[in-house]
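Chain by chain, the residues run as shown.
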Amino acid sequence: MSEQQQAATEAVAQASGRPLVAGPEEVLAPFPVVVEGSVVAGFGRGGKQLGIPTANLAEPAVEQLALPVGVYLGWAQVAGDAVRPMVMSLGWNPFFKNEKLSAEVHIIHRFASDFYGRKMRVAILAFIRNEKDYASLDALIQDIQIDIHVALKSLQRPAYAHVRDSAF
């Protein structure tokens, strides 16, 4: 995201009343929540329809997550790759009327190719916001862009950066 895009996203977040940082200064219980699972094909919307590719966790990993539905931030690592910042939607995605609970992880990095079938480890550190429905696809994309901005700012704090170095 360019500096101009970051500034625009921050302005939209402020205008909508969204905080620019999520979670307390220290990582507090129930976090971190660490889960590992295979990356499975999702609904084919993240990269194609939203321009925000996601790595979907397999059902057994989703079933381990004893967290409320919502959007979270943290760190993720695909086997054989670096630990990277992420945002994760845990929920039913009402805009798309999902019939199954899913954990869709957007790793904030451009990958050269898909990595279906590889293991992914996720350390969830804070809640960003509740899941909600949207009037338009553009509104959904705008909110996800704000989530990404919030995650990047939040993960700069020392306690959150420490988990990157210790949970993987």
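Residues numbered from 1 in each chain as written. Predicted model: local features only at pLDDT ≥ 70, side-chain atom pairs only at ≥ 80, totals over all residues. Heavy atoms only, no water.

You'll find the protein entered in an unreviewed UniProt entry as Riboflavin kinase, with Coemansia spiralis given as the organism. What UniProt records for the protein under Sequence similarities (unreviewed entry) is the sentence "Belongs to the flavokinase family." Checking UniProt for the protein, the heading Function (unreviewed entry) contains the comment "Catalyzes the phosphorylation of riboflavin (vitamin B2) to form flavin mononucleotide (FMN) coenzyme." (UniProt positions renumbered as here; feature names shortened; annotations may be inferred.)

Caption draft 1: Representation of the pairing of strand β3 (residues 70–78). Of all 9 residues in β3, 8 are buried; the element is thus mostly enclosed. In the sheet, β3 pairs with strand β4 (residues 83–91) via 8 bridges, with the strands oriented antiparallel. What sits directly across from W75, in β4, is P85. Hairpin connection, β3 to β4: the antiparallel pair is bridged by 4 residues, and G80 has positive phi, about 85°. Bridge analysis of β3 against strand β6 (residues 119–129) gives 8 bridges, and the strand direction is antiparallel. Within β6, the residue paired with V78 across the bridge is M120. (Buried < 20%, exposed > 50% of the residue type's maximum accessible area, 1.4 Å probe, protein only. Helix = DSSP H or I, 4+ residues; strand = E, 2+ residues; numbered from the N terminus. Pairing = 2+ DSSP bridges.)

Caption draft 2: Up close: the sheet that holds β4. Here 6 strands make up a closed barrel; going around it, the order is β1-β2-β5-β4-β3-β6 and the pairing antiparallel. Going from strand to strand, the sheet's axes swing by 40° on average, the running direction of each strand aside. As judged from the 2 bridges shared by strand β2 (residues 55–57) and strand β5 (residues 102–107), these two strands associate in the antiparallel manner. Opposite N56, over in β5, you have E104 as the bridge partner. Lying over the sheet, helix α4 (residues 137–154) contacts β3, β4, β5 and β6, oriented at roughly 135° with respect to β4. (Axes fitted to C-alpha atoms, helices over the stretch in contact; angles between N-to-C directions. Contact = heavy atoms within 4.5 Å.)

Caption draft 3: Highlighting the side chain of D147. With respect to the helices and strands, the residue D147 is situated in helix α4. A relative accessible area of 2% places D147 in the buried class. Within polar-contact distance, the side chain of D147 engages the side chain of R129 at 2.8 Å. Apart from residues lying up to four places away in sequence, D147 is in contact with R18, V71, V87, I128 and R129. (Polar contact = N/O pair within 3.5 Å; in protein donor to acceptor, adjacent residues only side chain to side chain.)

Caption draft 4: Just the packing of aromatic side chains, in detail. Taken as a whole and assessed by the stated rule, the structure comprises 3 aromatic pairs. Measuring from ring centre to ring centre gives 4.9 Å for F111 and F115, while their planes differ by 65°; the resulting arrangement is edge-to-face. The partly exposed category is assigned to F111, whose relative accessible area is 29%. Each residue in the set F31, Y72 and F127 is aromatic and connected to the rest through ring pairs, giving one cluster. Taking NZ or CZ as reference, R164 lies 5.1 Å from the ring centre of W75, over its face. (Phe/Tyr/Trp six-rings, centres within 6.5 Å; stacked < 30°, edge-to-face > 60°. Lys NZ or Arg CZ within 6 Å of the ring centre and 35° of its normal.)

Caption draft 5: Molecular detail of the pairing of β6. Across the 11 residues that make up β6, a large majority, 8, are buried. Pairing analysis gives 6 bridges linking strand β1 (residues 33–40) to β6, with the strands arranged antiparallel. Paired with V33 across the bridge in β6 is I124.

Caption draft 6: Structural context of the environment of A8. Within the secondary structure, A8 is located in helix α1 (residues 3–15). You can call A8 partly exposed: its relative accessible area is 42%. When the C-alpha atoms of A8 and I146 are compared, they prove to be 9.8 Å apart, with 138 residues separating the residues in sequence.

Caption draft 7: Seen up close, the pattern of salt bridges. This structure, assessed with the given rule, holds 10 salt bridges. For R121, the salt bridge goes to E36, with nearest N and O atoms at 3.4 Å. On the criterion of sequence distance, the pair formed by R121 in strand β6 and E36 in strand β1 is long-range, its members being 85 residues apart. Under the relative-accessibility criterion, R121 is labelled partly exposed at 28%. Here D143 ties to R129 by a salt bridge, and the two come within 3.7 Å at their closest N and O atoms. Residue D143 is found in helix α4, and its partner R129 is found in strand β6; the two are separated by 14 residues along the sequence. (Salt bridge = Lys/Arg side-chain N within 4 Å of Asp/Glu carboxyl O.)

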